[in-house]
Structures are given as C-alpha cells and as structure tokens.
Amino acid sequence: MDLGWKVGRRHIKLFVLNMALKSVFLVAAAIATGSYAGCVFGQARPDAACTPRTCAYLDPSLSPEARATDLVGRMTLEEKVAQTMDRGQAAIPRLGVPKYAWNNEALHGVAFDGVATTFPQAIALAATWDPALMKQVSAAIAIEGRAKYNDSQRKGENDFYTGITFWAPNVNIFRDPRWGRGQETYGEDPYLASQMAVNFVQGLQGDDPKYLMAVATPKHFAVHSGPEPLRHTFNVDVSPHDLEDTYLPAFRAAVVEGHAQSVMCAYNAVDGTPACASDLLLKDVLRNSWHFQGYVVSDCDAVSDVAHGHHFTPDVMHAAAAAILAGDDLNCGDSYRSLVSAVRQGLLKESDLDRSVIRLMTTRIRLGMFDPPDRVPFNRITLAEVDSPKNRQLALAAAKESIVLLKNRADVLPLQAPRRIAVVGPTAEIIEDVEGNYSATAPRPVLPLAGIRKQFNHSSVTYAAGSVLVDGLPSTVPSSALHQGGGSPQVGLRGEYFDNLTWSGQPNFVRNDPNISFDWNGASPAPGVPANHFSVRWTGILQPPGPGSYTFSFRGIIPAKKAQDTGSTNQKSEPVGNFCRIYIDGNLVVDTEDGKLAASLNFRDAKPHTLRIDYRRTEERRTGPNRHVSFDWLPPAQPLLDEAVNEARNADAIVAFVGLSPDLEGEEMKVDLDGFAGGDRTSIDLPAAQKRLLEALKTTGRPLIVVLTSGSALAVNWANQHADAVLEAWYGGEEAGTAIAETLAGENNPSGRLPVTFYRDTKDLPPFEDYSMQNRTYRYFNGQVLYPFGYGLSYSSFHYQRPELARASIAAGDSASICVTVTNTTRRAADEVAEVYVKAPDSPAGEHPFLAAFQRVHLAAHQSRRITIPIAARQLSRVDESGNRKIVPGKYIVSIAGGQPAFAQGVTAVLTVEGLKELEK
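Residues numbered from 1 in each chain as written. Predicted model: local features only at pLDDT ≥ 70, side-chain atom pairs only at ≥ 80, totals over all residues. Heavy atoms only, no water.

**Regarding the overall build of the protein chain**
Stated formally: Each helix is a run of H or I in the DSSP string that is no shorter than four residues. Each strand is a run of E no shorter than two, and both are numbered from the N terminus. Note that the radius of gyration is over C-alpha atoms, with the globule rule given as 2.2 Å times the number of residues to the power 0.38. Any two residues whose heavy atoms approach within 4.5 Å are treated as being in contact.
Assigned secondary structure in the protein chain consists of 22 helices and 42 strands. The C-alpha radius of gyration computed for the protein chain amounts to 28 Å, which stays within 12% of the reference 29 Å derived for 921 residues, consistent with globular compactness. Principal axes of the C-alpha set define a box for the protein chain whose edges measure 90 × 80 × 55 Å. Here the contacts in the protein chain between residues at least 6 apart in sequence split such that 76% fall between residues at least 24 apart.

**Comments concerning the packing of helix α6 (residues 131-154) against helix α7 (residues 190-205)**
Helices that pack against each other are described as a pair by the angle of their axes relative to one another and the distance between those axes. The condition that has to hold: For helices, the fitted line uses only the C-alpha atoms of the stretch in contact; every axis is such a line through C-alpha atoms, and the angle between N-to-C directions lies from 0 to 180 degrees. In a left-handed crossing the near helix is turned counterclockwise from the far helix by less than a right angle, and in a right-handed crossing that turn is clockwise. Each residue receives one of three labels: charged for Asp, Glu, Lys and Arg, nonpolar for Ala, Val, Leu, Ile, Met, Phe, Trp, Tyr, Cys and Pro, and polar for the others, Gly being one of them.
At a minimum axis distance of 7 Å, the contact between α6 and α7 shows a crossing angle of 35°. Of the two elements, α6 crosses α7, and the hand of that crossing is right-handed. Here α6 contributes P131, M134, K135, S138, A139, I141 and A142 to the contact with α7, which in turn contributes Q195, M196, N199, F200, Q202, G203 and L204. Tallied by class, residues from the contact of α6 with α7 come to eight nonpolar, five polar and one charged.

**So, the pairing of strand β7 (residues 295-298)**
What counts here: A simple rule labels every residue: compare its accessible area, found with a 1.4 Å probe on the protein chains alone, to the largest value its type can have, and call it buried under 20%, exposed over 50%, or partly exposed in between. When DSSP finds two or more bridges between two strands, those strands count as paired.
Residues Y295 and V297 of β7 are buried on one face, and the alternating residues V296 and S298, pointing to the opposite face, are buried as well. Pairing of strand β4 (residues 262-265) with β7, which is carried by four bridges, proceeds in the parallel orientation. By the bridge assignment for β7, V263 is matched with V296.

**Let's talk about the environment of G701**
Within the secondary structure, G701 sits in the loop between α19 (688-698) and β28 (704-709). A C-alpha to C-alpha distance of 9.9 Å links G701 and I654, two positions 47 residues apart in sequence.

**Section: the state of the cysteines**
Under the convention used in this document: For the purposes of this analysis, a disulfide is any pair of cysteine sulfur atoms at a distance within 2.5 Å.
Scanning all chains against the criterion turns up three disulfides. The disulfide partner of C265 is C276, and the gap between their sulfur atoms is 2.1 Å. Here the disulfide of C265 and C276 is right-handed, its torsion about the S-S bond being about 105°. Here the residue C265 occupies a position in strand β4, and C276 occupies one in the loop between β6 (273-274) and α10 (279-289), the gap between them amounting to 11 residues. Between the sulfur of C300 and that of C332 lies a disulfide, 2.0 Å long from S to S. What sets the handedness of the C300 and C332 disulfide is the S-S torsion sign, and at about 75° it is right-handed.

**Overview of the sheet that holds strand β41 (residues 907-914)**
With respect to topology, five strands assemble into an open sheet ordered β33-β41-β40-β35-β36, the strand pairing being mixed. For this open sheet the edge positions go to β33 (809-811) and β36 (850-859), each flanked by a neighbour on one side alone. Between one strand axis and the next, the sheet turns by 25° as a mean value, whatever way the strands run.

**Description of the nonpolar core**
Going by this rule: Grouping buried Ala, Val, Leu, Ile, Met, Phe, Trp, Tyr and Cys residues that are joined through side-chain atoms within 4.5 Å yields what is termed a nonpolar core.
Judged by nonpolar contacts, the single largest core of 168 residues is most densely connected at Y186 and F221. If you tally residues by element for this core, the top one is α6, at nine residues. With sequence-adjacent residues up to four places away left out, F221 is seen in contact with L248, F251, V263, M264, C265, A266, A275, L281, L282, V285, L286 and W290. If you look at the next biggest cluster of nonpolar residues, it comprises 51 residues, including L469, L641, V658 and L754.

**Here we look at the packing of aromatic side chains**
Our working definition: Note on aromatic pairs: the rings of Phe, Tyr and Trp (six-membered ring only in Trp) are paired at centre separations within 6.5 Å, and the planes decide the class, stacked below 30 degrees, edge-to-face beyond 60, tilted for the rest.
Within this structure, the stated rule accounts for 37 aromatic pairs. Judged by centre distance (6.2 Å) and plane angle (35°), the ring pair of W538 and F554 falls under tilted. On the criterion of sequence distance, the pair formed by W538 in strand β17 (residues 534-542) and F554 in strand β18 (residues 548-555) is long-range, its members being 16 residues apart. In this structure, W538 and F554 share a single accessibility class: buried. Ring geometry for F758 versus Y787: centroids 5.9 Å apart, planes at 65°, classification edge-to-face. Of the two residues, F758 sits in strand β30 (residues 758-759) while Y787 sits in strand β31 (residues 785-787), which places them 29 residues apart along the sequence.

**Focus on the side chain of D329**
The test is simple: For the purposes of these results, a polar contact is taken to be a pair of N or O atoms within 3.5 Å, where, inside protein, one atom must be able to donate a hydrogen and its partner to accept one; residues adjacent in sequence count only when each atom of the pair is a side-chain atom.
Assignment of secondary structure puts D329 in the loop between α12 (316-326) and α13 (339-344). Polar side-chain contacts of D329 include one of 3.3 Å to the side chain of R287. With near-sequence residues (within four places) excluded, D329 lies in contact with T84, R287, G294, Y295, V296, I324, Y336, S356, R359 and L360.

**Digging into the side chain of D433**
Condition: None of His or the chain ends enter the tally, which takes Lys and Arg as positive and Asp and Glu as negative. Think of a salt bridge as a Lys or Arg side-chain nitrogen and an Asp or Glu carboxyl oxygen that are within 4 Å of each other.
Tracing the chain through its elements places D433 in helix α16 (residues 432-435). It turns out D433 is buried and unbridged, and the closest side chain with the opposite charge, R555, is 8.5 Å from it.

**Focus: the environment of R231**
Mapped onto the secondary structure, R231 falls in the loop between β2 (215-216) and β3 (235-236). Judged by relative accessible area, R231 falls into the buried class, the value being 4%. Taking the C-alpha atoms as reference points, R231 and N268, 37 residues apart in sequence, are found 5.7 Å from one another. For R231, the contacting residues outside a window of four places in its chain are R181, H224, Y267, N268, E667 and E668.

**Notes on the environment of P608**
Take P608: it is sitting in the loop between β21 (598-603) and β22 (609-617). Overall, P608 belongs to the partly exposed group, its relative accessible area being 48%. Measuring from C-alpha to C-alpha, the distance between P608 and K698 comes to 29 Å, with 90 residues separating the pair along the chain. Those residues within four positions of P608 in sequence are excluded, and the remaining contacts are I541, L542 and Q543.

**What about unusual backbone geometry?**
The omega torsion across K219 and H220 is -5°, close enough to zero to call that bond cis. Of note, H220 is situated in the loop between β2 and β3. A222 follows F221 through a cis peptide bond whose omega is 5°. In this structure, A222 sits in the loop between β2 and β3. Not every positive phi belongs to a glycine, and F112 is a case in point at roughly 65°. Positionally, F112 belongs in the loop between α4 (77-82) and α5 (122-127).

**A closer look at the confidence of the model for the protein chain**
What counts is decided by this rule: pLDDT gives the predictor's per-residue confidence on a scale running from 0 to 100.
Residues with a pLDDT of 70 or more make up 92% of the protein chain, whose mean pLDDT is 92. Note on residues 1-43: pLDDT under 50 across the span, and 95 contacts to partners over four residues away in sequence or across chains. Ignoring residues within four places in sequence, the model shows residues 563-571, a span with pLDDT below 50, making 12 contacts including any to other chains.

**Considerations on the pattern of salt bridges**
Counted under the stated rule, the structure contains 52 salt bridges. With a shortest N-O distance of 2.7 Å, R555 and E432 are connected by a salt bridge. Here the residue R555 occupies a position in strand β18, and E432 occupies one in helix α16, the gap between them amounting to 123 residues. Side by side, R555 and E432 carry an identical accessibility label, which is buried. Between R581 and D591 there is a salt bridge, with its nearest N and O atoms 3.3 Å apart. Taken together, the residues span a long stretch of sequence, with R581 in strand β19 (residues 579-584) and D591 in strand β20 (residues 587-591) at a distance of 10 residues. You can call R581 partly exposed: its relative accessible area is 21%. A relative accessible area of 3% places D591 in the buried class. Linked by salt bridges that have partners in common, R181, E184, E228, R231, E667 and E668 make up one network.

See the structure below:
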C-alpha cells in the first residue's frame, strides 16, 4: 500500500484563497508578469522592482542554495538575526519573506494542532519491526501536515505548530528503561533504530525531485537519554567506542541514508562542551564526516543553557556566538537576539551569520515557500486527508503489528467465545494511554474497554478499575462509578454541549459520555460546537464502590478570569480561561474559579449520589499532560479492589489493563511519587497499587490475561510467573482498543517484537547517570532478563531450515546475504520476523551477537517461503576502543531465527571475511 503523495494521483481542487477579490487579481497579475515570489499563498510580495530577472532568489530555475545566497545578501543584519529564531521569525515584506514558525512536532502524528491521525507511539512503531510500514506512516503524517499547513496559510496563520518543519524523529538510544522519554525512541539497538529512522525521514520528506514535502529533524544530537531533571546541566564523558558504536549510528543513518534536512542539538554537554556549541558534534561529525548540508536547530532554550546551565560562556551573547560558530543555525528560544550585538562587538563575523541564514532560507525554498503556488504539487493537499479512512486503517495496522505477546500459557489466547469477560485495571479507559506524549488530538479514539465491548458484542463485558495508577495520584473516575440515573441501566453521564460559555439555550449536542476522559486540544468536542469556545454540563449519578474518603478534582483547568464590566455599555466582557464546578448531592464542592480545586468527601456507604459538572473552555492549544480533560478522584483502595474482584469471580476470563501513563513518564515533568521522579522512573516495577490488584484477581481462579500499556519496559515478574497471558500494547494510538480486542479474539495474530530489553529489577542496572554501555542493552548486559530484546510470541509457530549464504567467503567491505526457508507450522496465517544476528571473530568479552538484519514475512497456514535477507557491509563492522570502525578478517557466525540466538530456535551459517577494511565514521 503506497500512501506517498503523487502529483495527479487524485483530482483535488486547488484551494480558494481567502482574500478579497482585488487581492486575488493582484496576485494573479504578479504571477503573470513574473514579479511574484509566491511565498506559499501570497501573504507577502517583494518590491515591484524585484523579478526573476533582477532578483535571483525569485528564479525557480536556479539552485536553492544560489537563490538563498541572493536572498540573504539583500537582508540587513537585524533581518538576518530575526530569521534565526523560531520565536521571532518576522516577515520581511520588502523581500516577500513571510513570517514562518519553524516549531512543529510529528513524532507519531501531527501534534498540537488539533485533530490528526494519531498513530502508535514511536516505541510501538519500533515494535512492529516493519520499516516499510514506518515509511507509510510518516508519509501519511507528512500529507496531513501539508494539509494543515495549506489551511493555515489560507487563513493567514503562521503560529507555532502550523509549519512543515517537524522536530522528529527522536533517534536517541533507549539505553536505560528509567528514562521517561524512551517512549519517543525506536529502542535500544542502533541498527533497528537506524532502519526506522531512515524510513521515517524518507517518508516524511517525500520523493519529489524538486520540493520537500516536509522536513524531518532527528533529535537530540547527541548522547542524550536522561535523567530529565538534570538535562539542562549534565555532561557526558562518553568513550570513543560508545560514541561511535551506540550513540551516533542512528543519527548517521538518518543523515547519510535518509538525507534528513535538519538535526536538533541536545541540552546536555558532551566531553565538557554543550552539544549546541560542540565543534566535535556539529563540525567534525555532522558536517565533515557525514557531509550534512541542512540546518541545525537547538533544543528549546538550549543556547541559554550554554551560559546559564553549563556555565560554558560568561553570558547569553557569548553563548549565541559560540553556537553559531559551531553550526547551530536556528535557535528555539530568543537567545539569538543578542547576535546583533555579538557581530558588532566582533564575537563573530556577519559572514558567519550569513552561513546559517542561507541554510535556513535554502530549506524554505526547497519547501516551495518562494515559488508560485501552482508549481508546488503539495499545495493541492486539502484537509480531506486529515484522519482519512485510509489513515485510520493504517493506524490500526500499525497498532496490530506493534502488540507483543510475552506469555501465553496453555494457549489461553485467543479467547474462545467467552460468555462473560471482566475487564479491570486503571488504564482500560483513559485517553492518555491511547495517545502517548507528543501526540495529535485523537479523533474518535477507541479506548481498550470500548474496543473489547465492540469485538465481543455477544459476551457480557463488565468493568471495574480495581486501583489507581499509583498510590497518591488522582485517576479518572471510571465509567463503572457513573450512571444516567432515572432507572436507566446505561453507564456514564448525560453530556450537554453548548456553543457558548454560559450553558445558555438549548444544547447543540447531547450524548452519553461513559466517563470524562477527553483530549480537546484545538478540536471541537462535538458537532456544532466550536473548539476552545464552549461549555459542557454533565449530569447523572455517582456510584462509589464502597464507604471511605474520596477526593474529587477536575483536570485540564487554566485559572479563569471572571468577566469584567466594560464600563462603556454596562455589559460584561466574555470570561477567559477554563473552569469547572462540581456539584454532589446538590452541593457545590469544587469551584475552580474561586480556588476550590478539590473536595474530600467521606461516604458512609455505597449509596448513589447525584452529580452535576459544569465545564467551560476558552483556552488555546496546550502541549503538556494537562491538555487532557478528566473528572478525577482519589478513592479508598479497598472498595475499589473489592469491586474488581467481585466482577472477576463471575467471569470466564479476566483482562487486566495495567501499566504506566504519560502522566508518569515523559519530558521534564513535575511528578514526585513512589517510583517516579521528574518524568523518569526510579523503579521499573509495576506500581504497587496495580500489583496488588493482579494478586487479588489471581485468587479468583479465573484465567488472568494482563495487557500492559506503557512506553517502556516493566519488571512484571509476578505477572510473568502467575498470569496466564501477558501482552505489551504500548501507547497504541487512536485505534489501540480495536487492535487489542482483535488480538484477544484471534483476528490479529500478534507479531510484534520487543525493541528494548525487559529487565527483572532496577538493581540489575548500572546507575542511571552513567552513560557507559557496559552491562546495558542486550548487546552488553550479562545478567538474566525477564524478556529479551527481539522477543515476541505468536499464535502460530515457525520452523527455519536450509540456511545458505550467497557467498560463504567475502572480501572485507563487501555485503553479504543469507537465504533460509521459513515454515508456518500451524493452521493460522501469521507474520514472522526473521532476525539475523552476527557474532564477530574475537568479539570483546561481554559483547553478545548483534542485530545485523531482519525481515518481516507473511505466511499463510502451513506455508513455506524461501527468503533472502541482505546484510550490509557496515553491519559486519566492529568499533575499537579508539572509536575506529573496522571490518576484521575471520569467521563470523550468522544466526537467523525469530529472536536472539540464545532465546529462539533457529539456524546458523559461517561467513568468512578476508582482509581488513576501515570504514568511514
């Protein structure tokens, strides 16, 4: 399935420009005379004296570099400096340069700009081990990004998160499971991460010979993977071996093979120099060794950190000069405002600044921003592409491929027409565990509970949360505690949605909301209701599971400002900000406008209570966890647990949803709970509250199926020993619930493989702050693991036979390939991931066979296929202690199986390499 944009592939009408008729005629005339630079859709035009004949930057026949050089040569010093800041991209009307916001995100969908297809989180995409699928996903993201960009240009908007220069992918190596941002990466192996990164970059940037569809920005360059609370100040003294062997390969592949047009430098320092001012990284490696021709952008406020965090320079002006001289062209932040003074004081030459601005303008020209609109094929893409049916199907396909079956005792899965399923666990119906972080607003997300109810519509499906995520952390009030009232058996609340801020008149839309767990970031909550300008009233019954003290609150609140008297018309201005009022039994218990943010109530029994919630929203887009809207509680633990056990006792099967949440793991978060700190984890165990839940459920004697939702590895030792089945479902995107349900039912045969090692205990790991690779990841870890990298079960089984190398002996520097016959030995069609590992001669002590190639193959029932898997020459190389990459002579053991050779039954062959060859870094 090819989802890349092709010119003429669809008959999509050109956008009708949103401007007065007179302006349209002016633009058309300018194009006809050759005096119009384009600037996307004509928001800015250069001086009439500038034509393609007199101003080279307007001539599409010239190279983008030549055009950018001419354009920058016409700018003043102040204008040049203004172009180097993502937050200060002022237009230059006299040159036809429109304002442009460089800052946008597309980790697994176009993020922070309202609705877009929400694909599985990056770590889940890595678990597919399917680079071709990754390329399809990123191409779909690029098309949606272009559609949104075109729409914003039509509206004359140039705000954050409307551009087509995306700060993704995150290709940092996930060296330690405690890192909260590991969910954004492609795992712990340099080769797997490289393959995923290359295909993401290529899909996002497109294959048009003249224009870029979008820009990919691999980040964070380099040697960056936590701890989050220290990221603005810490230094990594990385060994030459680890730098070349582990931390750089995915970046190199993204740049050299993927041709990424941008790279983001990191917050941390490397060998004593901040990454965004590092000659080693930005000059020696990126430009000299890899011949990178694009632009470098700093992580946000990383240039300020050069002075204030690392104290590498005496002030921000010197930091800005150091960053420009090292090769950091664009500043996320405003530190580059000081560049005017830096040039005038001789800290750098204006020509040094020119170099950076030329790189930036070259990129904008390659994106088509200075050409007549009809010349840029991507300008035809419309909002009809956003969350299109084909993209939802692609999201579902990715979610299904990402699910990893970790245990399946006695083939308890797939479930065989159970009469009654007890769904339990705190992650079964919260939006965060579908979306992950750095996400779009998922339209019509399918949460796990809803997916199971739809898939098993002939079974009785009950639900009880059973626990909170972590002791002390508020959780969404589950649907099991909410009812319509009036004798209705339907769970949930009546939601009335208004297109005003005062709940006035008749609601525009009425529906039943099973619970209050939503993401309305930049999106309408219901038909006929405008985004960021609406009110909602929920009414119904609150049914506590038992007596005890309950604390209620509402998430997603920006402090509201009360409406003020205007003084002129004796009318009040419109209120600003989000706020919520919660009434229980008719009593106002929470009023965020008056500072009553939470209420603790003591219920003596499990009797029902009337509930009314009034919510108003006027906020703009938000990027952090608090973008979500939810009605939360901190309930007493025992009644919640008892309710879940009671439901489980009467079930034919228990499906327990446990794990983590982007509320707990993520970027520099204000989280300080047992096992969690600042977005990272201090323990890799399943939180104690959820472990107690699993242990209680086991006492019922019913089959226990554990579904993990997380962005990283969990030490689920108890579940591995006692549960009947364990699935890792990650943060699976908008179709996560469908994918999980289809897997439980057997409609999807699980085929995902772990992109990270699941360790047994935090104490088995080196200190988090230690960046040495010794005893880290599958390549160097020497202890026992819970589930190994590359591991994943299936409902089918496979047999490998007749391995054969294309050539048994090769010269150093040549590629190799291995052929093998793979047979599906069962009556169920399945995907197998054939993994190729290589053990080099004289490998250093403690180094295990390393992943050199892999291939996903589909096999019908009892089908055998002969497959050939190429092994790139670089994958046969090793890195010495000085950081030199070489292919050495000798005999290489090549293993191929459905996992690492130590954990999977496969076959081997011996490859002889003759001669010695040193490779380029």
